[in-house]
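Residue-level structural notes
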Amino acid sequence: MTLLPSRRSGRLALGAITSLSLSFTLLSAAPMSAAAPVKKSVRVNHQCVEDEGIASNGSGLTLSPDNVAVEYPETVLPGQTFTVKVQPGGMRTGGKDTGRMKYDIALPQGVKISNLRLDGGASGLNANPAAVVQRVDASGKPNANGAFARIWDGANSVNNGGNENDQWYNLLFVSVPRAGLAVDRNKSFRLPRIAFDVTAPTTVGSKIVTGLRAAGTSAGPAGKENRDNTLSMLAKANVADAVYCTADAAGKTLTSTTVALRDTQTEFDETSTDLEVTSGEAEVTLKALVKGTDGQPINEGKVEFDLGDGQRRTVDVRDGVAELRYNYAELADRESVKHKVVARYLGVEGRTGASEAATTVTVNPKPRTPLKATVDLQGEVDATAPTDG
């Protein structure tokens, strides 16, 4: 810990850095699709200042490192709804009781957020009042569109929302029971995990970021004008200390989710693989199967069939299938002709990526028709002619 001069006379500010193996080819050219959630811990250090009571030797709090646990997907599809989870790390009180605790998480901006809720995991907190999570604005007032998710008791803070008091007494200087979210002295504790749902924008490449309030800014003043901070509380033995903490730059980005196209795979059905047909006698049925990398069929977009004879046809994809019936021209001679056929899923702008597969269609000449001939042998016999011998 580093002791810094306070902005208030007679007080100290405490700064703490607290293959597919068939005979056709499969090509996929789209970006990654929606990914499974990742779980990790982000190490955050809090820069704290204290507005200490007279003759106080400081709060004795251990608030850093704050190993924030997060869970979120790294990529999602355009318009997909997904869940983000955040839980502050373990902390510890010193030789003083605490109260009026609040912890602010900066929510993603420019997206729809719903179902903000507690998700368990708390330990060491006093039972009454219980912790809640609310969406608040910069003044600490509950607001359905507020920029922050706040963990507190829902009613009391040091200086940013609800009933504010940076001391442990009322306006008549009478000591009152401590208010707000509290932890007793000399206890390890952990604030609860929160969860919320996010609906991703439809713009590919958009990034959805969750962080901590004011992360990466200065610690701020050691007084109640320090309103824009990550974490604040009171700590009291004989006198009360008001504690204000701001996360370092590591708290700017706790989670980062990128909106990406849905990756696709195209393949030919087995009934449309390496076909052989007779010239002029039958049509070819080509069936392309289109699915996401999650195995689910694609139900939008078109497949372009390059038929290998200079012709192309485009067919809608329905329930993951694009089907085309086609007649190849009759052969001009008796040589077989092999056509490379490509089914190219064109993708849907802003939603699905392109992919393609290839197979062959061989057009064979008609079999030769056997010739049948009848030979009529006729002749005359001379009965008077002598026989040999």
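Before reading on, note that the structure itself is shown above.
Described below are features of the structure shown in this document. (Residues numbered from 1 in each chain as written. Predicted model: local features only at pLDDT ≥ 70, side-chain atom pairs only at ≥ 80, totals over all residues. Heavy atoms only, no water.)

**Quick word on the overall build of the protein chain**
Quick note on the threshold: Secondary structure elements are defined from DSSP: runs of H or I of at least 4 residues count as helices, runs of E of at least 2 residues count as strands, and each element is numbered from the N terminus. Exposed residues in this analysis have more than 50% of their type's maximum accessible area, buried residues have under 20%, and partly exposed residues fall in between, with area computed by a 1.4 Å probe over protein chains only. To be clear on the numbers: accessible area is Shrake-Rupley with a 1.4 Å probe, and residue cover counts the displayed protein chains and nothing else.
Scanning the protein chain from terminus to terminus reveals zero helices and 30 strands. When each of the 389 residues of the protein chain is scored for burial, the buried share is 46%. Surface summary for the protein chain: the accessible area is close to 19800 Å², and the carbon and sulfur share equals 49%.

**Quick look at the pattern of salt bridges**
Should their charged atoms come close, side chains of opposite charge can pair. Spelled out, the test is: The rule for a salt bridge is simple: a side-chain nitrogen of Lys or Arg has to be within 4 Å of a carboxyl oxygen of Asp or Glu.
Within this structure, the stated rule accounts for 22 salt bridges. Notably, a salt bridge pairs Lys85 with Asp119, separated by 3.4 Å at the nearest N-O pair. A residue pair is termed long-range when its members are at least 10 positions apart, and Lys85 in strand E8 (residues 81-87) and Asp119 in the loop between strand E11 (112-118) and strand E12 (132-136) qualify at 34 residues. The partner of Arg185 in a salt bridge is Asp97, and the shortest N-O contact between them spans 3.2 Å. Of this pair, Arg185 sits in the loop between strand E16 (181-183) and strand E17 (188-189) while Asp97 sits in strand E10 (residues 97-106), placing them 88 residues apart in sequence. On the accessibility criterion, Arg185 (37% relative accessible area) is partly exposed. The class for Asp97 is buried, based on a relative accessible area of 18%. A cluster of three or more residues bridged by salt bridges with shared partners is formed by Lys102, Asp104, Arg150, Arg213 and Asp228.

**A short note on the pairing of strand E27 (residues 312-316)**
So the rule is basically this: Paired strands, in this sense, are two strands between which DSSP finds at least two bridges.
Two elements, strand E26 (residues 302-306) and E27, share five bridges in a ladder whose sense is antiparallel. Looking at E27, one finds that Asp306 is bridged to Arg312. Connecting E26 to the next strand, E27, in antiparallel fashion are five residues, including Gly308 with a positive phi near 80 degrees.

**Topic: the sheet that holds strand E25 (residues 284-292)**
In plain terms, the rule: Lines fitted to C-alpha atoms define the axes here, with helix axes fitted over just the stretch in contact, and angles between the N-to-C directions of these axes take values from 0 to 180 degrees.
Read across the open sheet, the three strands follow the order E23-E25-E28; overall the sheet is antiparallel. Only two strands of the sheet have a single partner each, and these edge strands are strand E23 (264-268) and strand E28 (321-326). Sheet twist, expressed as the average angle between the axes of neighbouring strands with direction ignored, equals 20 degrees. Sheet topology note: the E25/E28 ladder contains six bridges and is antiparallel. Note that in E28 the partner of Ala288 across the bridge is Ala322.

**Here's the deal with the packing of aromatic side chains**
Which entries qualify depends on this criterion: Note on aromatic pairs: the rings of Phe, Tyr and Trp (six-membered ring only in Trp) are paired at centre separations within 6.5 Å, and the planes decide the class, stacked below 30 degrees, edge-to-face beyond 60, tilted for the rest. Here, over-ring charges are defined by two tests on the NZ atom of lysine or the CZ atom of arginine: distance to the ring centre within 6 Å, and angle to the ring normal within 35 degrees.
Under the defined criterion, the tally for this structure stands at two aromatic pairs. With 6.4 Å between their ring centres and 50 degrees between their planes, Phe268 and Phe305 make a pair best called tilted. Remark: Phe305 occurs in strand E26 and Phe268 occurs in strand E23; sequence separation between them is 37 residues. Accessibility assignment for this pair places Phe268 and Phe305 in one class, buried. Arranged with centres 4.9 Å apart and planes meeting at 90 degrees, the rings of Tyr326 and Tyr328 form a pair that is edge-to-face. Comparing Tyr326 with Tyr328 shows no difference in burial state: the two are buried. Here Arg213 stacks its cationic end above the ring of Phe148, 4.4 Å away from the centre of that ring.

**Considering unusual backbone geometry**
Peptide bonds are trans in most cases, and residues, glycine excluded, mostly fall at negative phi. Cis peptide bonds are those with omega within 30 degrees of zero, and the linkage from Ser64 to Pro65 qualifies with 0 degrees. Within the fold, Pro65 resides in the loop between strand E5 (46-51) and strand E6 (66-73). Of note, the bond from Asn128 into Pro129 is cis; its omega dihedral lies within 30 degrees of zero at 0 degrees. One can find Pro129 in the loop between E11 and E12. Of note, Asn186 is a non-glycine position whose phi angle comes to about 55 degrees, a positive value.

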